Amino acid sequence: MRYYITASNGKGHGVHSPFVFDFIERVLNDDRQFYAYKQIENLRQLLLNNQRTLEIDFPKNASASGKVAVIARSALMPVKFGQLLFRMVDRYAPSQILELGTSLGITSSYMAMANENASVTTMEGSKALANSAREQFKKLGIRNCRLMEGNIDEILPVWLKEGREPDMVLIDASHFYAPTMYYFRQLLEHINDSSILIFTGIHKSAEMEQAWREIQKDEAVTLSIDLFFIGIIFFRKEFRTKQHITIRF
């Protein structure tokens, strides 16, 4: 309720920041049907109808089993947000893209297919999910996406220490306060002024709302955009005053 009461309309009316207005007009409300949309959504439908059972095994956690269709219904990002990620990559042209939490590979596919010249790294803790995602990448002919399998808490610092400076990061691995803040702090040491961090589930629980508020307040953050399902963080020095914007999407 608080989100809907405070959110600005999604048309850009009353927005004074040229960057935010451009984001609303040319990214958020871009209604073009890009070539990849149909391919990826056809694949989503196949996953939603797939009755194969996967043994989901996460490091340091008990295993569980579930049908691909059930996992797809509960874990895949909604269509409009997957396509928003595609448009963000298309508009801002990040060369180094990182995803924490591959799942079945749909969001990875949207980001990878938006710019075939970008290098996409996606990390997944479950071997079964990682194998399934690799199948989807093969079906879509994606060649610019590297999937790293293992405990993200352990492989993320190693990846970053190799000198990586991600331009765009999707954090979708864990919707709890501690891991969310851990990933944020790890990434803060390796970002640049043009980097974009995207957090999912920011209003999923009280602890996630706490994490989102703390991230917004960090001195390095100059702009945050709240779309309810996701929160987008920018670090651009061109913004002289910190801005927090909530948009109905």
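Please refer to the structure higher up on the page.
Residues numbered from 1 in each chain as written. Predicted model: local features only at pLDDT ≥ 70, side-chain atom pairs only at ≥ 80, totals over all residues. Heavy atoms only, no water.

### A look at the pattern of salt bridges
Link 1 in the chain: Scanning the model with the defined rule gives 10 salt bridges in all.
Link 2 in the chain: Residues Arg-134 and Glu-149 are paired through a salt bridge, measuring 3.4 Å at the closest nitrogen-oxygen approach. Highlighted residues: Arg-134 in helix H7 (residues 127-140) and Glu-149 in strand E5 (residues 145-149), separated in sequence by 15 residues.
Link 3 in the chain: The exposure class of Arg-134 is partly exposed, given its relative accessible area of 33%.
Link 4 in the chain: According to the relative accessible area criterion, Glu-149 is partly exposed, its value standing at 34%.
Link 5 in the chain: Across the pair Arg-236 and Glu-238 runs a salt bridge, and its minimum N-O distance is 3.5 Å.
Link 6 in the chain: Residues participating in the shared-partner salt-bridge network are Asp-22, Arg-26 and Arg-91. (Salt bridge = Lys/Arg side-chain N within 4 Å of Asp/Glu carboxyl O. Helix = DSSP H or I, 4+ residues; strand = E, 2+ residues; numbered from the N terminus. Buried < 20%, exposed > 50% of the residue type's maximum accessible area, 1.4 Å probe, protein only.)

### Brief notes about the pairing of strand E9 (residues 230-234)
Link 1 in the chain: The element E9 is largely enclosed, with a buried count of 5 among its 5 residues.
Link 2 in the chain: Taking every second residue as pointing to the same face, both faces of E9 are buried, with Ile-230, Ile-232 and Phe-234 on one and Gly-231 and Ile-233 on the other.
Link 3 in the chain: Of the pairings in the sheet, the one linking strand E7 (residues 196-200) to E9 comprises 5 bridges and is antiparallel in character. In the strand pairing of E9, Ile-198 is matched with Ile-232.
Link 4 in the chain: Across 4 bridges, the pairing between strand E8 (residues 223-226) and E9 is antiparallel. Looking at E9, one finds that Asp-226 is bridged to Gly-231.
Link 5 in the chain: The turn joining E8 and E9, which pair antiparallel and follow one another in sequence, is formed by 3 residues; a positive phi near 70 degrees is taken by Phe-228. (Pairing = 2+ DSSP bridges.)

### Considering unusual backbone geometry
Link 1 in the chain: Notably, Ser-103 is not glycine yet its phi reads approximately 55 degrees, a positive angle.
Link 2 in the chain: Considering the arrangement of structural elements, one finds Ser-103 in the loop between strand E3 (96-100) and helix H6 (106-114).
Link 3 in the chain: With phi around 70 degrees, Phe-228 is a residue other than glycine that occupies positive phi space.
Link 4 in the chain: Tracing the chain through its elements places Phe-228 in the loop between E8 and E9.

### Considerations on the sheet that holds E5
By definition, the strands of a sheet pair up through backbone hydrogen bonds, in either a parallel or an antiparallel sense.
Link 1 in the chain: Here 8 strands make up an open sheet; going across it, the order is E5-E4-E3-E6-E7-E9-E8-E10 and the pairing mixed. Because the sheet does not close on itself, it has two edges, and the strands there are E5 and strand E10 (243-246). Here the strands of the sheet are splayed against their neighbours by 15 degrees on average, with no regard to which way each runs.
Link 2 in the chain: Relative to strand E4 (residues 119-124), E3 is paired through 5 bridges, and the arrangement is parallel. For Glu-99, the partnering residue across the bridge sits in E4 and is Thr-122. (Axes fitted to C-alpha atoms, helices over the stretch in contact; angles between N-to-C directions.)

### Brief notes about the side chain of Thr-102
Link 1 in the chain: For Thr-102, the position within the fold is in the loop between E3 and H6.
Link 2 in the chain: Residue Thr-102 is classed as buried on the basis of its relative accessible area of 1%.

### Considerations on H7
Link 1 in the chain: Between its terminal C-alpha atoms H7 stretches 20 Å, which fits the 20 Å expected from 14 residues at 1.5 Å a residue.
Link 2 in the chain: When we look at burial in H7, the residues that qualify are Ala-128, Leu-129, Ala-130, Ser-132, Ala-133, Gln-136, Phe-137 and Leu-140.
Link 3 in the chain: If you follow the buried residues of H7, they end up packed against helix H3 (35-48), strand E1 (53-56), helix H4 (68-75), H6, E4 and E5.
Link 4 in the chain: N-cap assignment for H7: the residue whose side-chain oxygen lies 3.4 Å from the backbone N of Ala-128 is Ser-126.
Link 5 in the chain: Backbone geometry just after H7 places Gly-141 at a positive phi near 70 degrees. (Expected span 1.5 Å × (residues − 1). Contact = heavy atoms within 4.5 Å. Polar contact = N/O pair within 3.5 Å; in protein donor to acceptor, adjacent residues only side chain to side chain.)

### Considerations on the environment of Leu-147
Link 1 in the chain: Along the chain, Leu-147 turns up in strand E5.
Link 2 in the chain: Using a relative accessible area of 14% as the deciding quantity, one classes Leu-147 as buried.
Link 3 in the chain: With 17 residues separating them along the chain, Leu-147 and Ala-130 place their C-alpha atoms 7.4 Å apart.
Link 4 in the chain: When neighbours within four sequence positions are excluded, Leu-147 is seen to be in contact with Thr-102, Thr-122, Glu-124, Ala-130, Ala-133, Arg-134 and Phe-137.

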